[in-house]
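Single-letter residue listing:
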Protein chains: 2
Amino acid sequence: MPGTDTPAAPSAPAHATPAYDKHAYEPFAVTVDLAVFTIRSGTLHILLVERGQEPYAGRWALPGGFLRPDESAEAAARRELAEETGLDDVAGLHLEQLRTYSDPRRDPRMRVVSVAFAALVPDAPQAHGGGDAARAAWIPYGGEDTGAHGPLAFDHDRILADAHERIGGKLEYTCLATAFCPPEFTLGELRHVYEVVWGTELDPANFRRKVLATPGFVAQIPGASRLTGGRGKPAALYRGGGADSLHPPLLRPAPEPAPTEGTRR
Amino acid sequence: MPGTDTPAAPSAPAHATPAYDKHAYEPFAVTVDLAVFTIRSGTLHILLVERGQEPYAGRWALPGGFLRPDESAEAAARRELAEETGLDDVAGLHLEQLRTYSDPRRDPRMRVVSVAFAALVPDAPQAHGGGDAARAAWIPYGGEDTGAHGPLAFDHDRILADAHERIGGKLEYTCLATAFCPPEFTLGELRHVYEVVWGTELDPANFRRKVLATPGFVAQIPGASRLTGGRGKPAALYRGGGADSLHPPLLRPAPEPAPTEGTRR
DNA sequence: CCAAAAGTGTTATGAATACACCCATGG
DNA sequence: CCATGGGTGTATTCATAACACTTTTGG
């Protein structure tokens, strides 16, 4: 392992320079798993595939696959993202490493270490057939309870929850929210991203001010405007502004009462 | 891969239930690498080991090692932490997964996927001999430039920089700083953690108020006080308060002038 | 007495909140 | 004309930053 030559690797000759004995150890499979979020019909959706085989046959699972011998986890994740969503412009999508799940018993078949990623897709393409045999679909995200998708296969409920938490947190101090939006969007749509991911309501006026006061968050498209939802005044259109960090941050409202414990502040 | 049974795994029979063909693929080695920080004589230090063999013989590297067949990356990291630091109470130390580094060419010898961790040690034990053959030592952290430790082996400069950035960020919105401190500490010492990690100076008065106003950040030890650095008034002693999140956050001062670009608000 | 650090107080500035209010559109 | 959402204005509240000042120690 890069780092040290420790006795932790049994029978690995510490002096072997060009290569270790590649088959001296029980092999690890390394995979990527993807939590792909989008907003469809006003709510948060997640891309899932239905498993055809045991274990967990019939359950929903996160899309994913093996690392190929010559690709990094990031490359594998982006490849899977393209395959599973059927999109072409995958290059521009937000894709971010979450963490690695390595419990020895997370897959009953063999030792599988999985690098999990979170991805955001602006406009969900059709449920799609997918490049793979497995059926893929956009499923409403369940949140705390496992919602419409029921318990997922393997440790994917955990991964999904971690991914949601990460995305929600990143909205606070980055301009990530625009990654959920089409190239041109209204401030109402941008606000809706926050509301859907956080599960809260935000004051439209204050949100507007905050976003506009942050240089580089959004840039207005001069003449353009669009009707949203039929009713109401046409809204000005914006593009992402190039910035990626948010100073000062846009903190989500604190989850009011501490459960069974002391006062806050 | 938990998730889908994709054709991404060549020659893996999709119907094989109890086990894949374990040796059908080029094996991946999975390791952990540790960025272990501490504060020694007032500055940030990092635990490094000196490499004895090629590649990168003579260079400093992050401590680390292989995952054993039956342990998770977290377990392996904690085991390595104990081995390399020589500490016993490793159970209570802060250890957090950073991310996974998987570039196909990051180790010239073979395919190595490494799960990196960041750890904090309150009082640095002696430089120690270490359980391993390699020499280990606490080296002053270099920051942007590679400082005293020179370029590290493999991609460890990158890992170390990522770890430092993560730690610095987490100080903002968690109570992590107490993990750098001994069980009993003064507010000046706690402030020093922030200053050393962030590389800035903080107003003692405001820092004090902020910390005390956050419920659960610290708890005063009634009668106790201690002299710090010889000079000055004796300071009250505190313990960690059990909370782990910081609401509202303690933001680090913005790095003053944007390099070549617009005004900041 | 002086330097240094702990600890207290005060003020000014800026941000977030919670509204009230007007505008433009579809029904 | 009314419901709906966009957009503007404003007052209150809260947090922070900046800095003056007192206290307690070692030299």
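Residues numbered from 1 in each chain as written. Chains lettered and ligands numbered in written order. Predicted model: local features only at pLDDT ≥ 70, side-chain atom pairs only at ≥ 80, totals over all residues. Heavy atoms only, no water.

Further remarks concern the overall build of chain A. On a plain count of helices and strands, chain A comes out with four helices and nine strands. In chain A, the succession of α and β elements from N to C terminus is β-β-β-β-α-β-β-β-α-α-α-β-β. Here chain A, with 265 residues, has 50% of them falling under the buried criterion. The long-range fraction of contacts in chain A, counting pairs at least 24 apart against all pairs at least 6 apart in sequence, stands at 63%. (Helix = DSSP H or I, 4+ residues; strand = E, 2+ residues; numbered from the N terminus. Buried < 20%, exposed > 50% of the residue type's maximum accessible area, 1.4 Å probe, protein only. Contact = heavy atoms within 4.5 Å.)

Residue and element names in this part refer to chain B. Where helix H3 (residues 187-198) contacts helix H4 (residues 204-213), the two axes come as close as 10 Å, and the packing angle between them is 100°. As the angle between them shows, H3 and H4 are arranged roughly perpendicular. Across the interface between the two elements, Leu187, Leu190, Arg191 and Tyr194 of H3 pack against Pro204, Phe207, Arg208, Val211 and Leu212 of H4. A breakdown of the residues in the contact of H3 with H4 according to their chemical character gives seven nonpolar, no polar and two charged. (Axes fitted to C-alpha atoms, helices over the stretch in contact; angles between N-to-C directions. Parallel < 35°, antiparallel > 145°, perpendicular 65-115°, else oblique. Nonpolar A, V, L, I, M, F, W, Y, C, P; charged D, E, K, R; others polar.)

This part is about the side chain of Glu96 of chain B. Residues and elements named next belong to chain B. Its place among the elements puts Glu96 in strand S5 (residues 94-101). Glu96 sits in the buried class, given a relative accessible area of 8%. In this structure the side chain of Glu96 is engaged in a polar contact, spanning 3.5 Å, whose partner is the side chain of Lys170. Contact partners of Glu96, with chain neighbours within four places excluded, come to Ala116, Phe117, Ala118, Arg166 and Lys170. (Polar contact = N/O pair within 3.5 Å; in protein donor to acceptor, adjacent residues only side chain to side chain.)

All names here are of chain B. For His45, the location among the structural elements is in strand S2 (residues 43-50). Separated by 97 residues in sequence, His45 and Gly142 have C-alpha atoms that sit 8.6 Å apart. Contacts of His45, omitting those with residues within four sequence positions, involve Val36, Phe37, Thr38, Arg40, Trp138, Ile139, Pro140 and Tyr141. At 3.0 Å, the side chain of His45 forms a polar contact with the backbone oxygen of Thr43.

It is worth spelling out the pairing of S5 of chain B at this point. All names here are of chain B. Of all the eight residues making up S5, six are buried; the element is thus mostly covered by neighbouring parts of the structure. Where S5 meets strand S6 (residues 112-121), seven bridges bridge the pair, whose relative direction is antiparallel. Within the sheet, the bridge partner assigned to Glu96 lies in S6 and is Ala118. (Pairing = 2+ DSSP bridges.)

As a further point, take the pattern of salt bridges. The full count for this structure, using the stated rule, is 32 salt bridges over all chains. As a salt-bridge pair, Arg106 of chain B and Asp155 of chain B come within 2.8 Å of each other at their nearest N and O atoms. Remark: Asp155 of chain B occurs in the loop between strand S7 (135-140) and helix H2 (156-173) and Arg106 of chain B occurs in the loop between S5 and S6; sequence separation between them is 49 residues. For the residue pair Arg106 of chain B and Asp155 of chain B, the accessibility class agrees, reading buried in each case. Look at the salt bridges and you will find they share partners, linking Glu71, Arg79, Glu80 and Glu83 of chain A into a network. (Salt bridge = Lys/Arg side-chain N within 4 Å of Asp/Glu carboxyl O.)

All names here are of chain A. Parsing chain A into structural domains produces domain 1 (27-171) and domain 2 (175-240). Its C-alpha centre places domain 1 at a distance of 27 Å from the equivalent point of domain 2. With 15 residues of domain 1 at the contact, the number on the domain 2 side is twelve residues. Area buried by domain 1 at its contact with domain 2 is led by Ile39, Pro122 and Leu171, which between them contribute 47% of it. Counting across the interface, domain 1 meets domain 2 through four residue pairs in polar contact (both at pLDDT 80 or more). Of all the elements in the fold, those that place two or more residues in the side of domain 1 that touches domain 2 are strand S1 (29-40), strand S2 (43-50), strand S6 (112-121) and helix H2 (156-173). Among the elements that take part in the side of domain 1 that touches domain 2, H2 stands out by supplying five residues, more than any other. Considered class by class, the residues forming the side of domain 1 that touches domain 2 number eight nonpolar, six polar and one charged. (Domains from an automatic or database assignment. Buried area = accessible area lost by both parts, 1.4 Å probe.)

Here the focus is unusual backbone geometry. Omega for the peptide link from Glu54 of chain A to Pro55 of chain A comes to -5°, which places this bond in the cis form. Look at Tyr56 of chain A: it is not a glycine, yet its phi comes out positive at around 65°. Relative to the helices and strands, Tyr56 of chain A resides in the loop between S2 and strand S3 (60-61). You can call Tyr56 of chain A partly exposed: its relative accessible area is 28%. For Ser41 of chain B, which is not a glycine, the phi torsion comes out positive at approximately 40°.

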